[in-house]
Amino acid sequence: TWAAAAAAAFLAVALAITALARQRPAGASTNAVAVLPFEVRGSGDVAYLREGMTDLLSTNLDGAGALRSVDPRAVLGMVAREEVAHVDPDDARRLANRLGAGLVVLGDVVASGSNVRISATLYDQRPGGDALARGAVDGPLTDLFAMVDQLTRQLLAGYPDRSSDRLTGLAARTTTSLPALKSYLDGVALYRRASYHDALDAFEQAAAQDTTFALAHYQLSNAALWAAEGTWDSIAHAGQRAVRYSDRLTRRARLLVEAHYAFRSGDLDRAEQLYRQTVTSFPDDVEGWYQLGDVLFHGNPPRGRSMTESRDAFEHLLALEPTHRGAMIHLLRVAMLEGRRDEARALIERALALTQASEQPELLALRAALDDDDAARAKALAGLARTDDEVVRVAAMRVALFTGDLSFSRRISELLLAPTRLPDFRVVGRLHLANIALARGRPREALAQLDSVELESSTMAPVIAREYRALALSLPFLPADSAAIRTTLETLATARPVPVTRFPMFAVYNDVHPVLRTYFMGVLSSRLGDEATVRREAAELDVATGNGEARALAAELAAGVRARDALRRGDHRAALAALDGRRARVSEGLLDGWVGDQALERWTRAEALHATGREAEAAGWYESLGQTAMHQAVYLAPAALRLGEIAERRRDRQGALAHYRRAITLWNDCDPELRPLVDRARLRVAALTR
């Protein structure tokens, strides 16, 4: 009953993030109903019911016969944009028409002490239409859900759908706890205002008050992502609990819950399929559009596709909810990748108006880099010096990846080395400096930075330094001294058990370090041409133990070790055979982490495709590198060189010039061993500009 209401309360609300542009509906659907915000009067703390009734009634009405509710987030976004404080019937008809709804609900709540009276009217908003049904209920707030159920039935009595199953869409039953629902609705309101930490607290409270409240678990998982709190395991487990209790949800809500869990647990293809199914069936679903964009943004690169494919989803989202900060943030990154600087600047300005002060320095840093403004860079650095460690880390990464300004990114990263920063973040700062050195083609400088990692007081410092050194020495396009590789192999072979950490960036590897050790032993042995050790380490990965994620990753990395060695031997078809159809299903934390993102395997696949003449496929894999994580910046220059060659063969002169020039800029001050590659790129630029 009321639960149906709550079920979608989440839904409308659960809708996490989104924002961009969509065309005005061509006409109003006779089966679409828009529930507008209720007027609230009287005593008591019931202001939350203004938007809460939109959520609750939309959920109850959705799926009753052919009736479909317009996404409450789209409704509330339109009301906010139109600046309608008090909705009268004329406003209702105009807004409903803008939302493509042939039906509209208006209502009010009058509170007196602990009692409320709720009344509502269902209108046919088309020309000549009139009120179809009216309803009114009253009682104590503790009976809210029963009252909403009763009100729903009164309104449905006037809807001209006489099918026998007209109420089957109300099967959603999400909670029988009024405190849980109120906490949930509080979380929804906070989430809409981008107060993610407070929203997380509210959703956690709702889930604790009713442990079977599927939507609370779902929203808890979403809010934890945006608040950057909890571990990736806890986020995935919250999504799993939502699926476990989803049998009473509507089809619409169940699609979102199942897609969310698929995404967070690494099943990217299924997640994309479910989100596309959601927005096809429910084109006004804000959350569906946002999460589809998120899957394409973060999940495309591991699949050899560009994150720029997410543009359409985020634009649809902003059309539905023009103030969706999450959609703006993702779209501005897409714009920067595509070189649309004016669009990126405009989106930064829009996002700044919706961003709390503590997170603005990141956007200011991106704007300074786009404008190539030294004074603005200095001001952004001053702001970052006073802000949280995580904001500094993210700003440095995004400046490097989305603007290509490695010098500015280095200055931001150096802020993490201050004694006042947490030890683990000082380690991250050193890793950033090593990554920037690698991206500039200076592996010796990078290894020196990794030596300094071990001087930090973090308990994870020796472990991270060891594994990152192995990662740097594994890169086939950078020179590596054989003696350094052998020393690293000896260090890996004698490594002690790894401590457990709660630091999110490192905690995702808590159960995976034995797998990483074996993997690096294999790829480094391949660089030395030690095929016997390569075979042994790959076989060990085949039978790796540990949790499910560690075993899944080990199986895929075994294929990576074999493919890497086949490529070294020039057996390109064997390399592709080893990798075809293989990609680890890992949590989102590992998806962007070194090794977990399988960047080396993606490079290996691209090289094998390139060598066998499958250049269109190869280009997609080359372009996928360097889009999602700081450690991938090292691939930007070598991938640009390959893409320049491919563009030349396609007779794409401008494309080839752009790629070659990017590689030259990145490796302008590289180590001597890489200068022949840069000189060759300069020769190609000279030839193409004659």
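So, the overall build of the protein
Here comes step 1: What the protein contains, in helices and strands, is 34 helices and six strands.
Here comes step 2: Counting the 690 residues in the protein, one finds 59% classified as buried.
Here comes step 3: Long-range pairs, those at least 24 residues apart, make up 67% of the contacts in the protein between residues at least 6 apart in sequence.
Here comes step 4: With the model as given, the accessible surface of the protein reaches about 26100 Å², and the carbon-plus-sulfur share is 49%.

Things to note about the layout of surface pockets
Here comes step 1: Approximately 970 Å³ is the volume found for the second largest pocket.
Here comes step 2: Forming the walls of the second largest pocket are 34 residues, and the residues nearest its centre are L337, L401, T403, G404 and R662.
Here comes step 3: Mapped by element, the contributors of at least two residues to the lining of the second largest pocket are helix 14 (325–337), helix 16 (360–371), helix 18 (389–403), helix 31 (615–623), helix 32 (636–649) and helix 33 (653–666).
Here comes step 4: Element by element, the count of residues in the lining of the second largest pocket is highest for helix 33, at six residues.
Here comes step 5: A breakdown of the residues in the lining of the second largest pocket according to their chemical character gives 16 nonpolar, 10 polar and eight charged.

Overview of empty space enclosed by the protein
To find leftover empty space, a probe the size of one water molecule is rolled over the atoms.
Here comes step 1: Counted according to the given criterion, the structure contains three cavities of 30 Å³ or more.
Here comes step 2: Lining the largest cavity we find 17 residues, and of these L471, L475, A599, H631 and Y635 sit closest to its centre.
Here comes step 3: Sorting the residues of the lining of the largest cavity by element identifies helix 20 (423–439), helix 22 (461–474) and helix 30 (599–611) as the ones contributing at least two each.
Here comes step 4: Taken together, the residues of the lining of the largest cavity sort by class into 12 nonpolar, three polar and two charged.

Things to note about the packing of aromatic side chains
Here comes step 1: All chains considered together, the criterion is met by 11 aromatic pairs.
Here comes step 2: Centre to centre, the rings of W603 and Y635 are 6.1 Å apart; their planes meet at 45°, and the pair counts as tilted. Of this pair, W603 sits in helix 30 while Y635 is found in the loop between helix 31 and helix 32, placing the two residues 32 residues apart along the sequence. Like Y635, W603 is buried.
Here comes step 3: Sitting above the plane of the F408 ring, R377 keeps its charged end 5.6 Å from the centroid.
Here comes step 4: It is R605 that lies over the ring of W621; its NZ or CZ is 4.8 Å from the centre.

Observations concerning the environment of A578
Here comes step 1: As for its placement among the helices and strands, A578 is situated in helix 28 (residues 572–579).
Here comes step 2: Along the chain, A578 and R605 lie 27 residues apart, while their C-alpha atoms are 9.6 Å from each other.
Here comes step 3: A578 has contacts with A559 and A563, leaving out every residue within four places of it along the chain.

Considering the nonpolar core
Here comes step 1: Formed by 232 residues in total, the largest nonpolar core has its most connected members in V105 and I412.
Here comes step 2: Excluding residues that lie within four positions of it along the chain, V105 makes contacts with V33, A34, V35, L36, F38, L57, L61, A120, T121, L122 and L155.

Let's talk about the packing of helix 12 (residues 286–299) against helix 13 (residues 311–320)
Here comes step 1: Viewed as axis vectors pointing N to C, helix 12 and helix 13 meet at an angle of 155°, and their least axial separation amounts to 8 Å. As the angle between them shows, helix 12 and helix 13 are arranged roughly antiparallel. Judged by the sense of rotation from one axis to the other, the crossing of helix 12 with helix 13 is left-handed. Touching V286, W289, Y290, L292, G293, D294 and F297 of helix 12 are D312, A313, F314, H316, L317 and L320, all from helix 13.
Here comes step 2: Within the contact of helix 12 with helix 13, the residues separate by chemical class into nine nonpolar, two polar and two charged.

Some points on the side chain of H260
Here comes step 1: Among the structural elements, H260 can be located in helix 10 (residues 251–264).
Here comes step 2: What H260 contacts, discounting residues up to four positions off in sequence, is Y218, S221, N222, L225, G239 and Y275.

What about helix 12?
Here comes step 1: Counted at 1.5 Å a residue, the expected span for helix 12 with its 14 residues is 20 Å, and the 19 Å between its end C-alpha atoms agrees.
Here comes step 2: Judged by how many residues are buried, helix 12 sits mostly within the fold: 14 of 14 residues are covered.
Here comes step 3: The N-cap of helix 12, judged by a side-chain oxygen 3.2 Å from the amide nitrogen of E287 a few residues on, is D285.

Topic: the pattern of salt bridges
Here comes step 1: Inspection of the entire model under this criterion finds 55 salt bridges.
Here comes step 2: For R305, the salt bridge goes to E272, with nearest N and O atoms at 3.2 Å. Placement of R305 in the loop between helix 12 and helix 13 and of E272 in helix 11 (residues 268–281) is noted, with a sequence separation of 33 residues between them.
Here comes step 3: In this structure E272 comes out as buried when scored by relative accessible area, which is 10%.
Here comes step 4: Notably, a salt bridge pairs E531 with R535, separated by 3.9 Å at the nearest N-O pair.

A closer look at the side chain of S452
Here comes step 1: For S452, the location among the structural elements is in helix 21 (residues 443–453).
Here comes step 2: The exposure class of S452 is buried, given its relative accessible area of 14%.
Here comes step 3: For S452, the side chain forms a polar contact with the main-chain oxygen of Q449, separated by 2.5 Å.

Digging into the confidence of the model for the protein
Here comes step 1: Of all residues in the protein, 89% attain a pLDDT of 70 or more, and the chain-wide mean is 86.
Here comes step 2: Note on residues 1–26: pLDDT under 50 across the span, and 146 contacts to partners over four residues away in sequence or across chains.
Here comes step 3: With pLDDT under 50 throughout, residues 161–173 is counted as low confidence; its partners more than four residues away or in other chains account for 38 contacts.

A few points about a negative patch on the surface
Here comes step 1: A cluster of acidic side chains, namely D198, D201, E204 and E229, defines a negative patch on the protein surface.
Here comes step 2: Exposure remark for E229: the relative accessible area of 33% places this residue in the partly exposed category.

Regarding the environment of S526
Here comes step 1: Within the secondary structure layout, S526 lies in helix 25 (residues 513–527).
Here comes step 2: Spatially, the C-alpha atom of S526 lies 7.4 Å from that of R564, the residues being 38 residues apart in sequence.
Here comes step 3: Sequence-distant contacts of S526, defined by excluding residues within four places in its chain, comprise V534, R564, D565 and R568.
Here comes step 4: One polar contact links S526 to D565, side chain to side chain, over a distance of 2.8 Å.

Calculation rules
Residues numbered from 1 in each chain as written. Predicted model: local features only at pLDDT ≥ 70, side-chain atom pairs only at ≥ 80, totals over all residues. Heavy atoms only, no water. Helix = DSSP H or I, 4+ residues; strand = E, 2+ residues; numbered from the N terminus. Buried < 20%, exposed > 50% of the residue type's maximum accessible area, 1.4 Å probe, protein only. Contact = heavy atoms within 4.5 Å. Areas by Shrake-Rupley, 256 points an atom, 1.4 Å probe, with all protein chains shown as cover. 1 Å grid on protein atoms, 1.4 Å probe; cavity = no way out; pocket = protein on both sides within 12 Å on 5 of 7 lines; lining within 4 Å. Points joined across faces, edges and corners; volume = space filled by probe spheres on them. Nonpolar A, V, L, I, M, F, W, Y, C, P; charged D, E, K, R; others polar. Phe/Tyr/Trp six-rings, centres within 6.5 Å; stacked < 30°, edge-to-face > 60°. Lys NZ or Arg CZ within 6 Å of the ring centre and 35° of its normal. Core = buried A, V, L, I, M, F, W, Y, C linked by side-chain atoms within 4.5 Å. Axes fitted to C-alpha atoms, helices over the stretch in contact; angles between N-to-C directions. Parallel < 35°, antiparallel > 145°, perpendicular 65-115°, else oblique. Left-handed = near helix turned anticlockwise from the far one by under 90°. Expected span 1.5 Å × (residues − 1). Polar contact = N/O pair within 3.5 Å; in protein donor to acceptor, adjacent residues only side chain to side chain. Salt bridge = Lys/Arg side-chain N within 4 Å of Asp/Glu carboxyl O. pLDDT = per-residue confidence, 0-100. Patch = residues over 30% accessible without salt bridge, like charges linked within 9 Å, V, L, I, M, F, W, Y side chains within 5 Å. Lys, Arg positive; Asp, Glu negative; His and termini not counted. Charge placed at Lys NZ, Arg CZ, Asp CG, Glu CD.

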